[in-house]
Amino acid sequence: MRTKIIKTIEELRQKLSKVKGNVGFIPTMGYLHEGHLSLVKTAKKESDFVVVSIFVNPSQFSPSEDLEDYPRDLGRDLQLLSDLRVDLIFFPREKEMYPTGYKTWVTVDKITQVLCGKSRPNHFRGVTTIVTKLMNLIDPDKMFMGEKDFQQLVVLRQMAKDLNFKTKIIGCPIIRESDGLAMSSRNKYLSEDNRKNALALHKSLLMAKKLFNNNITSTSEIIAKMTELIEDLNGTIDYIEVVDSATLEHLDNLKKGCRILLAIYIGNTRLIDNMEI
Ligand code: PAF
């Protein structure tokens, strides 16, 4: 079957009303990379019908962020998705999702105020709102999300549980370039030098894991060592945090199964990464 591209909610509803079997869904903002494609491949294995949305969601960007410059390449995205035999691509216009007079927002308390939420105050409100709208329209059995945006994954799991969505949210492993840099649409912004320095994120996480394996468990000690490595590579730290993987609560000491999350500016580009210990 050919991949169907749908732009309106009405057409989406019509098409989905005829679908039999279980539906897998991957929300994206486009400019797809191997990370997204790995989600599609997993979804294909686990679902009868796979829907991918492409929508650069304005409400999750603050006025000072990169909404206008966010990389877009629709032609390439459509080709990649039809090569993988995705069943349906939902590619709505902004007015379709946020018509004039739009007033409703979905917010998740507390876990959206920490980590990325500190420096991006309304970001998660935008994410939870658009994902609620998409889940409400598509009503998927499973939704596939990358672990690179680990806080987003935890927030959306909490939201789906609290709002009684039937959808199971499947977290999928981070896909990295061969040198370790986590794949991200924003890697496109990196100059040649910054691309090399961006390895600070993965290198510092690997170092933290090694320190833990050598019985160093103090969060402050580990963060101090990561900071040194990152600053040597000209990175500017937004945050480095050690948290409980389920609750995102700060931990004074690392323990097996916890996560280290970080956001670093490399030049003007803000990159995030994380690792399970
Ligand atoms: O992770 C993303 O690309 C976005 O935050 C998402 C989940 C598609 C919502 O716009």
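Predicted, not measured: the structure shown is a model, and the values here were computed from it. Numbers given for residues are sequential positions, taken from 1 along each chain in its written order. Thresholds applied to this predicted model are a pLDDT of at least 70 for local features of residues and 80 or more for the giving and counting of side-chain atom pairs; totals over whole chains, interfaces and linings are not thresholded and use all residues. Computation of side-chain values covers all heavy atoms of the structure but excludes hydrogens and water.

Trainee: Which parts of the structure should I look at to understand the nonpolar core?
Mentor: The tendency in soluble globular proteins is for nonpolar side chains to be buried as a group. For the purposes of this section, nonpolar cores are sets of buried Ala, Val, Leu, Ile, Met, Phe, Trp, Tyr and Cys residues that join through side-chain atoms within 4.5 Å. Throughout this description, buried means an accessible area under 20% of the type-specific maximum (1.4 Å probe, protein chains only), exposed means over 50%, and partly exposed covers the range between. One finds Phe90 and Met97 to be the most contacted residues of the largest nonpolar core, which totals 42 residues. One finds Leu190, Leu229, Leu251 and Leu271 within the second-largest nonpolar core, a separate group that totals 27 residues.

Trainee: What am I meant to see in the layout of surface pockets here?
Mentor: Rolled over the atoms, a probe with the dimensions of a water molecule shows which regions are left empty. Here a cavity means grid points, on a 1 Å grid over the protein atoms only, where a 1.4 Å probe fits yet cannot get out; a pocket means an open set of points with protein on both sides within 12 Å along at least five of seven lines; lining residues are those with an atom within 4 Å of a point. Grid points are joined across faces, edges and corners, and a volume is the space filled by probe spheres set on the points. Space inside the second largest pocket adds up to approximately 250 Å³. What lines the second largest pocket is a set of 17 residues, among which Ile54, Phe55, Val56, Arg72 and Phe91 lie closest to the centre. For the lining of the second largest pocket, the residue count by class is 11 nonpolar, 1 polar and 5 charged. Under this grouping Gly is polar, as are all residues other than the nonpolar Ala, Val, Leu, Ile, Met, Phe, Trp, Tyr, Cys and Pro and the charged Asp, Glu, Lys and Arg.

Trainee: Would you mind showing me how to read the pairing of strand 5 (residues 142–146) here?
Mentor: Each regular strand shows side chains that alternate between the opposite faces of the sheet. Sheet topology places strand 2 (residues 23–28) next to strand 5; 2 bridges connect them, and they run parallel. When the sheet's bridge partners are listed, Phe25 is paired in strand 5 with Met143. Running through helix 7 (residues 150–162), the crossover from strand 5 to the neighbouring parallel element strand 6 (residues 168–172) is right-handed. Paired strands, as defined in this entry, are two strands with at least two bridges between them according to DSSP. By definition, any uninterrupted DSSP run of H or I lasting at least four residues is a helix, any uninterrupted run of E lasting at least two residues is a strand, and each is numbered from the N terminus. Here the term right-handed applies to a crossover when the path leading from its first strand over the helix to its second strand runs clockwise, the strands being oriented away from the viewer.

Trainee: It is not clear to me how the packing of helix 9 (residues 199–213) against helix 10 (residues 219–232) should be interpreted in this structure. Could you clarify?
Mentor: Two packed helices can be described by the angle between their axes and the distance between those axes. Orientation is described by lines fitted to C-alpha atoms, with helices fitted over the stretch in contact, and by angles between N-to-C directions that extend from 0 to 180 degrees. Closest axis-to-axis distance for the helix 9/helix 10 pair is 9 Å, and the angle between their directions is 150°. The angle between helix 9 and helix 10 falls in the class roughly antiparallel. As helix 9 runs across helix 10, the sense of the crossing is right-handed. When helix 9 is examined against helix 10, the residues Ala200, Lys203, Ser204, Leu205, Met207, Ala208, Leu211 and Phe212 are found in contact with a partner set consisting of Ile222, Lys225, Met226, Leu229 and Ile230. Taken together, the residues of the contact of helix 9 with helix 10 sort by class into 10 nonpolar, 1 polar and 2 charged. Put simply, angles under 35 degrees are roughly parallel, angles over 145 are roughly antiparallel, angles from 65 to 115 are roughly perpendicular, and the rest are oblique. Crossings are classed by handedness, with left-handed meaning an anticlockwise turn of the near helix from the far one by less than a right angle and right-handed meaning a clockwise turn. Residue contacts are counted whenever heavy atoms from the two residues lie within 4.5 Å of one another.

Trainee: Just to check I follow, could you spell out the sheet that holds strand 9 (residues 269–276) for this structure?
Mentor: The strands making up a sheet are joined through hydrogen bonds of the backbone, oriented either antiparallel or parallel. What the 3 strands build is an open sheet, ordered 7-8-9; its pairing is antiparallel. Strands at the two margins of the open sheet, each flanked by one partner only, are strand 7 (235–243) and strand 9. This sheet shows a mean twist of 15° between the axes of neighbouring strands, independent of strand direction. Sheet contacts for helix 10: strand 7 and strand 8 (259–266); angle to strand 7, the most-contacted strand, approximately 155°.

Trainee: Quick question: what am I supposed to make of helix 3 (residues 74–83) here?
Mentor: Since one α-helical turn is 3.6 residues long, residues separated by three or four positions face the same way. Where helix 3 is concerned, the buried positions are Asp77, Leu78 and Leu81. Across the axial projection of helix 3, the buried residues extend over an arc of 95°, all falling on one side. Looking at helix 3, the residues exposed on the side facing more than 90 degrees away from the buried face are Gly75 and Asp83. Each element contacted by the buried residues of helix 3 is listed here: strand 1 (4–6), helix 2 (34–46), strand 3 (49–54) and strand 4 (88–90). The directions considered for the arc run from the helix axis to the C-beta atoms.

Trainee: Please explain the site of the ligand as it appears in this structure.
Mentor: Any residue with a heavy atom positioned within 4 Å of a molecule or strand is treated as near that molecule or strand. Taken together, Pro27, Thr28, Met29, Asn57, Gln60, Val127, Ile130, Met145 and Gln152 make up the full set of residues near the ligand. Whenever two N or O atoms come within 3.5 Å, that pair is a polar contact, provided that in protein one can donate a hydrogen and the other can accept it, and provided that, for residues adjacent in sequence, both atoms are side-chain atoms. Between an oxygen atom of the ligand and a side-chain N or O atom of Gln60, the distance comes to 2.6 Å. Sorting the residues of the shell around the ligand by element identifies strand 2 and helix 6 (123–138) as the ones contributing at least two each. By residue class, the composition of the shell around the ligand is 5 nonpolar, 4 polar and no charged.

Trainee: Could you clarify how one ought to interpret the environment of Arg13 in this entry?
Mentor: Residue placement: Arg13 occurs in helix 1 (residues 9–17). Distance in space between the C-alpha atoms of Arg13 and Lys166 is 18 Å, their sequence separation being 153 residues.

Trainee: Which parts of the structure should I look at to understand unusual backbone geometry?
Mentor: With the exception of glycine, the majority of residues adopt a negative phi angle, and the majority of peptide bonds are in the trans configuration. Here Lys110, not a glycine, exhibits a phi torsion of approximately 55°, which is positive. As for its placement among the helices and strands, Lys110 is situated in the loop between helix 4 (94–97) and helix 5 (116–119). Overall, Lys110 belongs to the exposed group, its relative accessible area being 69%. With a phi close to 60°, Asn164 is a non-glycine residue in the positive phi region. One can find Asn164 in the loop between helix 7 and strand 6.

Trainee: Can you help me understand the pattern of salt bridges in this one?
Mentor: Close approach of charged atoms allows side chains of opposite charge to pair. Throughout this description, the term salt bridge denotes a Lys or Arg side-chain nitrogen within 4 Å of a carboxyl oxygen of Asp or Glu. In the structure shown here, the tally under the stated rule is 12 salt bridges. A salt bridge links Lys142 to Glu46; its shortest N-O distance comes to 2.9 Å. Of this pair, Lys142 sits in strand 5 while Glu46 sits in helix 2, placing them 96 residues apart in sequence. Glu46 gets classed as partly exposed once you look at its relative accessible area, which sits at 31%. In this structure, Asp66 and Arg186 form a salt bridge, with 2.8 Å as the shortest nitrogen-oxygen distance.

Trainee: Would you explain the state of the cysteines in this entry?
Mentor: Working definition of a disulfide: a covalent bond connecting the sulfur atoms of two cysteines. The term disulfide is used for any two cysteine sulfur atoms that are within 2.5 Å. Within the structure shown, the criterion is met by 0 disulfides. Here Cys258 is not disulfide-linked; the sulfur of Cys116 is the nearest cysteine sulfur, at 17 Å.

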